[in-house]
Every structure is written in structure tokens, then in C-alpha cells.
Amino acid sequence: MVETGHKQPTDRQAVAAGSLRASRAVIDEVDSCKGSKGSVVAVATIAAIQAAKRTSDFIPLCHPLALTGIDVDFATDRDKSLVHCKATVLCTGRTGVEMEALLAVHVGLLTVYDMCKSVDRGMEVVSVRLLAKSGGVSGDYQAPD
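Note that the coordinates shown come from a computational prediction; the quantities given were computed from them, not determined experimentally.

1. Digging into the overall build of the chain
Next, step 1: Within the chain, the secondary structure is distributed over 4 helices and 5 strands.
Next, step 2: For the chain, the sequential pattern of α-helices and β-strands runs β-α-α-α-β-β-α-β-β.
Next, step 3: By the compact-globule yardstick of 15 Å for 145 residues, the chain fits well, its C-alpha radius of gyration being 16 Å.
Next, step 4: Expressed along its principal axes, the backbone C-alpha trace of the chain runs to roughly 50 × 30 × 20 Å.
Next, step 5: Contacts spanning at least 24 positions in sequence make up 72% of the contacts within the chain whose residues lie at least 6 apart.
Next, step 6: When the accessible surface of the chain is split by element, carbon and sulfur atoms take 53% of a total near 7900 Å².
Next, step 7: With 16 positive and 17 negative side-chain charges, the chain shows a spacing of 2 Å between the two charge centroids.

Structure, rendered in C-alpha cells:
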């Protein structure tokens, strides 16, 4: 792992987002909050939060971080048959939280897949990316639109 002990702790934030391309039946199940396994959004939100908190268990050489905030939002786009997930992760520390935000989005979307696979096995996770980050020596980053 990279040595970060010499760095001063700063407020860090990262925002990541991605989507799941799915059938209209899946969109209906996500919107209804009455899936066969329960509320898809509620379970996927908890899964995304757990993933962010345990990122160092999954990504080799990531530092375990004391996160101070995790916000996960899901939305559907009926016209494009997409389920969107956006994660914002915060901490005060010596290293950034980009991986935590990215992993939260992936796991959130994979949880939607798992909960809806009986309806549509052809779903596809698409466009997961870092939207923004702030804090640290490297400064701020904002993804181009």
C-alpha cells in the first residue's frame, strides 16, 4: 500500500454514478417497491452502503477508511429503460474515497440485477464512472458532461 502517514487529513468527497439497462418489467418492479424479494431500492441501497464501508476488503491495496457519510440514490428512466445509481462518499482522511463511491455504485446495481433476474436476465451494467472528487493534494476533479 502507498504510505499516506505524511499527508495531512483533509475533507474528501467522491461522487460516482452508473446505470443498469433493463426491461420495462424490471423498471416496473423497481418502481413498485414490491419485488418478489422485497423493496429493490431499499435492499440495493443497503448493499451499496455496505460495499463502500468494506472497499478495502475487495480492492487490493486500498486503505481502510473511516467514512463519515455515504449517500446512495436510485432513479428510473422509463423512456430509456434504465435504473440509475449515484453514490456520494465522504471522509476526513489522508486518501481519497473514489474507489468507495465506484464500488458502491457497482454493488448497488448488481443488487438490483440479483433481485430482478427472475424478470430479466439480460440486464446490463453500463456507464459506471467517477463524476467528481474533492480534497487532497491533487485537488478537485469534475467529469466532463
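2. A few points about the sheet that holds strand β3 (residues 82-93)
Backbone-to-backbone hydrogen bonds pair the strands of a sheet. The strands run either parallel or antiparallel.
Next, step 1: Spatial strand order, β2-β3-β1-β4-β5: 5 strands in an open sheet with antiparallel pairing. Here the strands that pair on one side only, and so sit at the sheet edges, are β2 (67-77) and β5 (141-142).
Next, step 2: Taken together, the 10 bridges between β2 and β3 define a ladder with antiparallel strand orientation. Considered in β3, the bridge of Val72 is made with Ala87.
Next, step 3: Its contacts with the sheet place helix α2 (residues 40-53) against β2 and β3, and it is angled at close to 145° to β2.
Next, step 4: In this fold helix α4 (residues 98-116) packs onto β1 (10-21), β2, β3 and β4 (124-134), with an angle of close to 25° to the strand it touches most, β1.

3. Here's the deal with the pattern of salt bridges
Next, step 1: The full count for this structure, using the stated rule, is 5 salt bridges.
Next, step 2: Residue Arg78 pairs with Asp28 through a salt bridge whose shortest N-O separation is 2.6 Å. Taken together, the positions of Arg78 in the loop between β2 and β3 and Asp28 in helix α1 (residues 24-32) put the pair 50 residues apart, joining distant regions of the chain.
Next, step 3: On the basis of relative accessibility, which here comes to 38%, the residue Asp28 falls in the partly exposed class.
Next, step 4: As a salt-bridge pair, Arg54 and Asp57 come within 2.8 Å of each other at their nearest N and O atoms.
Next, step 5: Each of Asp28, Asp31 and Arg78 takes part in salt bridges that share partners, so that together they form one network.

Scoring rules and cut-offs
- Residues numbered from 1 in each chain as written.
- Predicted model: local features only at pLDDT ≥ 70, side-chain atom pairs only at ≥ 80, totals over all residues.
- Heavy atoms only, no water.
- Helix = DSSP H or I, 4+ residues; strand = E, 2+ residues; numbered from the N terminus.
- Rg over C-alpha atoms; globule rule 2.2 N^0.38 Å.
- Contact = heavy atoms within 4.5 Å.
- Areas by Shrake-Rupley, 256 points an atom, 1.4 Å probe, with all protein chains shown as cover.
- Lys, Arg positive; Asp, Glu negative; His and termini not counted.
- Charge placed at Lys NZ, Arg CZ, Asp CG, Glu CD.
- Pairing = 2+ DSSP bridges.
- Axes fitted to C-alpha atoms, helices over the stretch in contact; angles between N-to-C directions.
- Salt bridge = Lys/Arg side-chain N within 4 Å of Asp/Glu carboxyl O.
- Buried < 20%, exposed > 50% of the residue type's maximum accessible area, 1.4 Å probe, protein only.

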